[in-house]
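# Structural features, examined
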Amino acid sequence: EATTVSEAANGWPGSAGLYKQEHVEGWKRVNEAVHAKGCPIIYQMWHMGRAAHSSFLNGEQIVAPSAIKIDGAKFGSADGMYAADGTKQPYEMPRALETSEIPALVESYRASAELAKEAGFDGVEIHSANGYLLDEFLQTSTNKRTDQYGGSLENRFRLLSEILEAVATVWPYDRIGIRFSPNGVYNDMGSEDNIETFTYALQQLSGKNLAYVHVMDGLGFGYHEKCEVFTLEMMHKVYDGNLIGNVGYDRESGEAAVAAGNAAAIAYGRPFIGNPDLPLRYALDLPLAESDAKTWFSHEDEGYNTYPFYFKNTLPTEKAPHLLSPVRLGQIVLRNRVVMAPLTRGRSGESRIPNDINLKYYSDRATYAGMVIVEATTVSEAANGWTGSAGLYKPEHVEGWKRVNEAVHA
């Protein structure tokens, strides 16, 4: 979930943070549990900007690129925003960040990125969407600055660029993602020149070798109607890296976006709330459970950890009956229970060193297998007795198997 990078970034009741050592220790436990299931986990870096309330900031005025207040009536939130005590309060007028304050803001992202690495995350996603601070700097409807952070496309992109470069001193580019929402109206967003703005942003990010750009391209979260819809297909034409599509996708539309080559992956939000085993349900064409909207933003375990797995009488990570569920075997975690059995094929030649055709054979079958057990491999010269079988008792064998294993792990 969106996780704040500093005390000053807060603004949502009960949201997580990552700017203190205690936060690191809490996230370590979460990350260890996720990694035990064989899954990577990414930290989304968040600053709420003008979408916050001063009660989260000890009464200090909220900040934005410019002094423009959110109009909740434009996106179905006329009753205001949540304050720190859980009550609804009117949206507040932000103050414009001083140019002199921006270096400290950038440093807060870099410092939080350091803590993310210590906490065991696999990468970070810079949240520049949904009307929060970095999105506010990008869009002309919320950025009326006259300094080097406002006006031109280059200037409005500058803050995100500086934060990206700061985070990249901690994480390599290929472990960093960025999130955009060019079509969204949430938090009173949307600008007439959004296609131009986000085309420029994507072009600037091309060639950076980012892990991905995560785009809220769907309209189910509200469409601002101020310009043409910026589709995933249009984004793919101007961005040379991996795109993750989001908002309103089901299995079929997600498969279509991936098959068309417009997305490397699809992100699912609400379906995952009520279906902790969502990929399994998609794979087996099982019915999806509906989540209770009344508990989406509550603060208790009810509506959070109370949705069952489809195979509700078993623990899918330990003894679920279906072949496609994950399982732990000692310290080895399998993504599914389909294991490739050892089969002697005799393709390693007289040297018994695994070669290119062994590498392709095993790496191809590792694409979807839960685990691969290699063919019977002799432990010594004296153990041999099958023509062309592999061995593992010389340094040359080690090097051959290294190449195979790297290909399988890839």
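Residues numbered from 1 in each chain as written. Predicted model: local features only at pLDDT ≥ 70, side-chain atom pairs only at ≥ 80, totals over all residues. Heavy atoms only, no water.

## Looking at the side chain of Asn-358
Examined against the element boundaries, Asn-358 turns out to sit in helix H10 (residues 356-365). With residues near it in sequence (within four places) discarded, Asn-358 still touches Arg-347, Ser-348, Ile-353, Glu-375 and Val-404. (Helix = DSSP H or I, 4+ residues; strand = E, 2+ residues; numbered from the N terminus. Contact = heavy atoms within 4.5 Å.)

## Description of the sheet that holds strand S2 (residues 42-46)
On the basis of which strands lie adjacent, the open sheet formed by seven strands has the order S1-S2-S7-S8-S9-S10-S11 and parallel pairing. Strand pairing shows two members of the sheet lacking a second neighbour, strand S1 (2-4) and strand S11 (265-267), which therefore form its edges. Averaged over all pairs of adjacent strands, the angle between strand axes in this sheet comes to 30°, irrespective of strand direction. Across four bridges, strand S7 (residues 123-127) lies against strand S8 (residues 176-180) in parallel orientation. Residue pairing across strands places Ile-126 opposite Ile-178, the latter belonging to S8. Helix H2 (residues 102-119) contacts S2 and S7 of the sheet and is inclined by roughly 160° relative to S2. (Pairing = 2+ DSSP bridges. Axes fitted to C-alpha atoms, helices over the stretch in contact; angles between N-to-C directions.)

## Let's talk about the packing of helix H1 (residues 21-35) against H2
Interhelical geometry of H1 versus H2 gives an angle of 40° and a closest axis separation of 8 Å. In terms of orientation, H1 lies oblique with respect to H2. Crossing of H1 over H2 shows right-handed handedness. Between H1, through Gln-21, Val-24, Trp-27, Lys-28 and Asn-31, and H2, the contact on the second element is made entirely by Leu-115, Glu-118 and Ala-119. Of the residues contributing to the contact of H1 with H2, the split by class is four nonpolar, two polar and two charged. (Parallel < 35°, antiparallel > 145°, perpendicular 65-115°, else oblique. Left-handed = near helix turned anticlockwise from the far one by under 90°. Nonpolar A, V, L, I, M, F, W, Y, C, P; charged D, E, K, R; others polar.)

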